[in-house]
Amino acid sequence: PPTPGSDAGPKAPVRGNAKEIEHVVSASEAPASRNRGLSAVRGFLEWARRQGLLEKDPTSGLQKEHETARTRVLSDDEIRTLITGFDPTRYGRVARLLFLTGLRRDEVLGLKWSWIDMEKGIVTIPPEVEKSGRVRDELRRAALPPQAVALLAEQRSALFAEGIRSEFVFATTTGERPHSDSLKQVLYRLRGRRSNGLPPSTDTRAKRRAAALPDDVRIHDIRRTVADALLNRVGAPPWIVDHVVLGHARPKLLRTYMPTLPLN
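Described in the following lines is the structure provided in the data block. Because the structure is a prediction, the values reported are computed rather than measured.

**Side note on the packing of aromatic side chains**
1) Next: A complete count under the given rule lists one aromatic pair for this structure.
2) Next: Arg156 extends its terminal NZ or CZ atom over the ring of Trp113, reaching a point 5.5 Å from the ring centre.

**Structural notes on the layout of surface pockets**
1) Next: One number sums up the size of the largest pocket: a volume of about 1200 Å³.
2) Next: Around the largest pocket, the lining is made up of 27 residues, and of these Ala30, Ala32, Ser33, Arg218 and His220 lie nearest the centre.
3) Next: Of all the secondary structure elements, the ones that give two or more residues to the lining of the largest pocket are helix 2 (31-50), helix 5 (105-109), helix 7 (184-190) and helix 8 (221-234).
4) Next: Sorting elements by how many residues they give to the lining of the largest pocket places helix 2 first, with four residues.

**Here we look at the environment of Ala236**
1) Next: Examined against the element boundaries, Ala236 turns out to sit in the loop between helix 8 and helix 9 (238-245).
2) Next: Since its relative accessible area comes to 17%, Ala236 is described here as buried.
3) Next: Not counting residues within four places of it along the chain, the set of residues in contact with Ala236 comprises Leu230, Leu231 and Val241.

Conventions and cut-offs
- Residues numbered from 1 in each chain as written.
- Predicted model: local features only at pLDDT ≥ 70, side-chain atom pairs only at ≥ 80, totals over all residues.
- Heavy atoms only, no water.
- Phe/Tyr/Trp six-rings, centres within 6.5 Å; stacked < 30°, edge-to-face > 60°.
- Lys NZ or Arg CZ within 6 Å of the ring centre and 35° of its normal.
- 1 Å grid on protein atoms, 1.4 Å probe; cavity = no way out; pocket = protein on both sides within 12 Å on 5 of 7 lines; lining within 4 Å.
- Points joined across faces, edges and corners; volume = space filled by probe spheres on them.
- Helix = DSSP H or I, 4+ residues; strand = E, 2+ residues; numbered from the N terminus.
- Buried < 20%, exposed > 50% of the residue type's maximum accessible area, 1.4 Å probe, protein only.
- Contact = heavy atoms within 4.5 Å.

What follows is the structure, given as structure tokens:
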């Protein structure tokens, strides 16, 4: 690459047409994911246009899809099936911790030992790794019930038994952070699909796997199920569920006019 201040010569143009971009963006199965993908591509193309690498945005004719708000809550039978389905795998304790805390999938998969106070039963999530961290005015602290603390102690013992020394709570066999899609393989199998998410093979010689869960079950449904149970079974105040447990940033109204709202 040319050194700063040198004559870099003419810039190479960014090439691509709407059909090619639409093909890439449409790889995701959910409309929300496809819309986020289109937004990311448009952000890059806008940068390229400002840099003189692109004359016009080839995605100007593409429209975002309508997103239907997802309200899926898991039944008790589906909860049991998910837990017992994940238990024999490396991510059995991940699934259980999701149900026990309501944390996001990526927050649990990226969990580090340094964030956890086992004695107080609290996990402190740094703002840079948290979805709402950029707009939050306070540290995100999540409560760990006694069952979660015991589960984490079991996980630490299991890692020591494997000879794994890692900063990550749910480290892979090489000590690294699990991939964000690590849970999908197990979920796909529980839904009667192949591990890559494709429909089961039509080959009569292939081993058929009966679907234990409906095809519309998602990992994120766990978080919604926790919130629903806290509201409707426990009777917790909505703002406790939203801001304390789920960790959504408090609206500006509450931050400004109710600064003493007892989040502790």
